[in-house]
Amino acid sequence: MTVTTEVRTAARVVDAVKVYGGGDTAVRALDGVSVAFPAGCFTAIMGPSGSGKSTLMHCAAGLDTLSAGAAYIGDTELGSLDDRRLTLLRRDRVGFVFQAFNLVPTLTVRENITLPLDLAGRKGDQEWVEALIDVVGLRDRLHHRPSELSGGQQQRVAVARAFAGQPDVVFADEPTGNLDSRSGEEVLGLLGRTVRHTARTVVMVTHDPVAAAHADEVVFLADGRLVDRMTAPTAERVLDRMKAFDAGTSQAKAFDAGTSQAKAFDAGTSQASPAKAFGGGTSPAPEVPS
Ligand SMILES: Nc1ncnc2c1ncn2[C@@H]1O[C@H](COP(=O)(O)OP(=O)(O)OP(=O)(O)O)[C@@H](O)[C@H]1O
Ligand SMILES: [Mg+2]
């Protein structure tokens with residue numbers, strides 16, 4: 001029997017397994033996760049440190065490959081693509097926002113926003129780009145360089161850049177991790193508005209219940225497994241759910257905001273580099289600050 005759903009899926013993984021290393025030191029970062037990210041929705045991924053959130057995001061986005069199972073962007077199974085086609089898919093259909101903003105310091109705000117289009121040799125939709133500039137509120141900063149902007153403004157540039165090519169889905173790994181709470185709120189509000197006003201899809205990893213409350217749905221990971229989902233989250237309900245983890249498993253101690261907030265996205269040790277996100281691998285990527 002087939003079940004038809006009206007909601008289109010922007011990205012999904014099925015029975016996703018990811019094992020790092022081998023032998024005694026093998027780490028099973030994903031242990032059979034199946035989850036779909038509906039198109040037009042803002043989904044948050046939460047879970048203790050080390051639960052596999054970044055791994056799930058990287059594998060779903062085609063920045064890293066699964067050991068078993070399948071990852072799809074729309075109907076395209078990523079494992080079926082060779083390197084070149086995977087690079088093109090990431091470039092044309094996926095947007096990324098990293099914790100470290102990864103703007104190119106020598107380019108202006110406008111040049112940073114249109115960078116993915118320029119790298120792809122595409123003009124893009126000018127009206128869309130102009131509208132984005134207004135949505136992120138940076139029209140009066142277009143000729144500035146990243147060093148002349150606040151952290152929140154830089155992350156707003158990164159959000160605009162992620163959406164510039166009208167991707168099917170934007171993945172964000174702790175996009176507010178380096179921001180103070182006010183700038184963080186601005187960026188989260190911006191992500192939420194962009195999803196609602198443009199029917200785009202966002203998948204965001206976060207440790208922060210207040211951040212997660214901006215999403216339409218929260219999925220919870222623990223020990224590489226999907227353990228819960230929550231629709232219409234509020235910060236309070238998310239916090240309660242996290243406390244339940246704490247009571248139930250020792251794992252959840254890692255939810256401790258102090259340690260997790262401070263953890264930076266480490267491009268050096270991760271297999272998924274920001275350069276890759278902008279089409280690296282088979283084509284020259286811009287220099288990105290680490
Ligand atoms: N490149 C790697 N090589 C070996 N092990 C890795 C690698 N990347 C991640 N891991 C391990 O896989 C597990 C999941 O890591 P992951 O980065 O996905 O966790 P996370 O939920 O994003 O954690 P955090 O909240 O601290 O960012 C951890 O045990 C981690 O040590
Ligand atoms: Mg992580």
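Every value quoted in this text rests on a predicted model; they were computed, and no experiment measured them. Position numbers for residues count from 1 along each chain, tracking the sequence in the order it is written. Whichever chain is written first is A, and whichever ligand is written first is 1; the rest continue in order. This being a predicted model, a pLDDT of at least 70 is required before a residue's local features are given, and a value of 80 or more before pairs of side-chain atoms are given or counted; all residues contribute to the totals for chains, interfaces and linings.

## Considerations on the overall build of the chain
Move 1: From N to C terminus, the chain includes 11 helices and 10 strands.
Move 2: Out of the 290 residues in the chain, the part that is buried amounts to 44%.
Move 3: Any pair of residues counts as being in contact when their C-beta atoms, constructed from backbone geometry, are within 7 Å of one another. Expressed as a percentage of contacts within the chain between residues at least 6 apart in sequence, the contacts between residues at least 24 apart total 70%. For helices the rule is a DSSP run of H or I covering at least 4 residues; for strands it is a run of E covering at least 2, with both sets numbered from the N terminus onward. Each residue is classed by its C-beta neighbour count within 10 Å, where at least 20 other C-beta atoms makes it buried, 12 or fewer makes it exposed, and intermediate counts make it partly exposed; the C-beta atoms are placed from backbone geometry.

## Here we look at the site of ligand 1
Move 1: Looking at ligand 1, there are 15 residues lining it, with Tyr20, Ala29, Ser49, Ser54 and Thr55 nearest.
Move 2: Ranked by residue count, the leading element in the shell around ligand 1 is helix 1 (residues 53–60), at three residues. For each residue, a C-beta atom is placed from the backbone, and the residue is labelled near a molecule or strand when this atom is within 6 Å of it.

## As for the nonpolar core
Move 1: Buried Ala, Val, Leu, Ile, Met, Phe, Trp, Tyr and Cys residues whose C-beta atoms connect them within 7 Å together make up a nonpolar core. Of all hydrophobic cores here, the largest spans 71 residues; its most connected members are Leu56, Val159, Ala160 and Leu191.
Move 2: It is helix 6 (residues 151–164) that provides the largest number of residues to this core, a total of seven residues.
Move 3: Contact partners of leucine 191, with chain neighbours within four places excluded, come to Phe42, Val159, Ala172, Val202, Met204 and His214.

## Quick notes on the pairing of strand 10 (residues 225–231)
Move 1: Relative to strand 10, strand 9 (residues 217–222) is paired through six bridges, and the arrangement is antiparallel. For alanine 222, the partnering residue across the bridge sits in strand 10 and is arginine 225.
Move 2: Taken together, strand 9 and the strand that follows it, strand 10, pair antiparallel across an intervening segment of two residues, in which aspartate 223 is found at a positive phi of about 50°. Note: two strands are recorded as paired if DSSP finds a minimum of 2 bridges between them.

## Re the sheet that holds strand 2 (residues 27–38)
The strands that make up a sheet are held in pairs by hydrogen bonds between backbone atoms, and each pair lies either parallel or antiparallel.
Move 1: Overall, antiparallel pairing links the four strands, which are arranged 2-1-4-5 in an open sheet. Across the chains shown, the open sheet's two edge strands, defined by having one partner strand only, are strand 2 and strand 5 (76–77).
Move 2: Where strand 1 (residues 9–20) lies against strand 4 (residues 68–73), five bridges are found, and the strand directions are antiparallel. Following the sheet pairing, arginine 12 is matched in strand 4 by tyrosine 72.
Move 3: Strand contacts of helix 1: strand 1, strand 2 and strand 4, with the helix running at about 120° to strand 1, the strand carrying the most contacts. Angles here are taken between N-to-C directions and fall from 0 to 180 degrees, while the axes themselves are lines fitted to C-alpha atoms, restricted in helices to the stretch in contact.

## Describing helix 2 (residues 83–93)
Move 1: Among the residues making up helix 2, those that are buried are Leu86, Thr87, Arg90 and Arg91. Along the axis of helix 2, the buried positions cluster into a sector of 130°, meaning they face one direction only. What the arc describes is the spread of directions from the helix axis to the C-beta atoms.

## Quick word on the sheet that holds strand 10
Move 1: Read across the sheet, six strands follow the order 6-7-8-3-9-10 without closing on themselves; strand pairing throughout is mixed. Edge positions in the sheet fall to strand 6 (94–97) and strand 10, since each has one partner strand and no second. Neighbour-to-neighbour, the strand axes of the sheet open up by a mean angle of 20°, direction not taken into account.
Move 2: One ladder, built from five bridges, connects strand 7 (residues 169–173) with strand 8 (residues 201–205); its direction is parallel. Looking at strand 8, one finds that aspartate 173 is bridged to valine 205.
Move 3: Helix-sheet contacts for helix 1 involve strand 3 (42–46), strand 7, strand 8 and strand 9, and the interaxial angle to strand 8 is about 150°.

## Some details on unusual backbone geometry
Move 1: Its identity is not glycine, yet glutamate 174 carries a phi of approximately 50°, on the positive side.
Move 2: Structurally, glutamate 174 can be placed in the loop between strand 7 and helix 7 (181–198).
Move 3: Overall, the presence of 25 C-beta atoms within 10 Å leaves glutamate 174 in the buried class.
Move 4: For alanine 199, which is not a glycine, the phi torsion comes out positive at approximately 55°.
Move 5: Summarising the element assignment, alanine 199 is placed in the loop between helix 7 and strand 8.

## A look at the packing of helix 6 against helix 7
Move 1: For the pair helix 6 and helix 7, the least separation of the axes is 9 Å and the interaxial angle reads 20°. Comparing the axis directions of helix 6 and helix 7 gives the class roughly parallel. Like other packed secondary-structure pairs, helix 6 and helix 7 cross with a definite hand, here right-handed. Only Ser183, Glu186, Val187, Leu190, Leu191 and Thr194 of helix 7 make contact with helix 6, whose side of the interface consists of Gly151, Gly152, Gln155, Arg156, Val159 and Phe163.
Move 2: Charged residues are taken to be Asp, Glu, Lys and Arg, nonpolar residues to be Ala, Val, Leu, Ile, Met, Phe, Trp, Tyr, Cys and Pro, and polar residues to be all remaining types, Gly included. Here the contact of helix 6 with helix 7 is built from residues that sort into five nonpolar, five polar and two charged. Orientation categories follow fixed angle ranges, with anything under 35 degrees roughly parallel, anything over 145 roughly antiparallel, 65 to 115 roughly perpendicular, and all other angles oblique. Note: crossing handedness is left-handed where the near helix turns anticlockwise from the far helix by less than a right angle, and right-handed where it turns clockwise.

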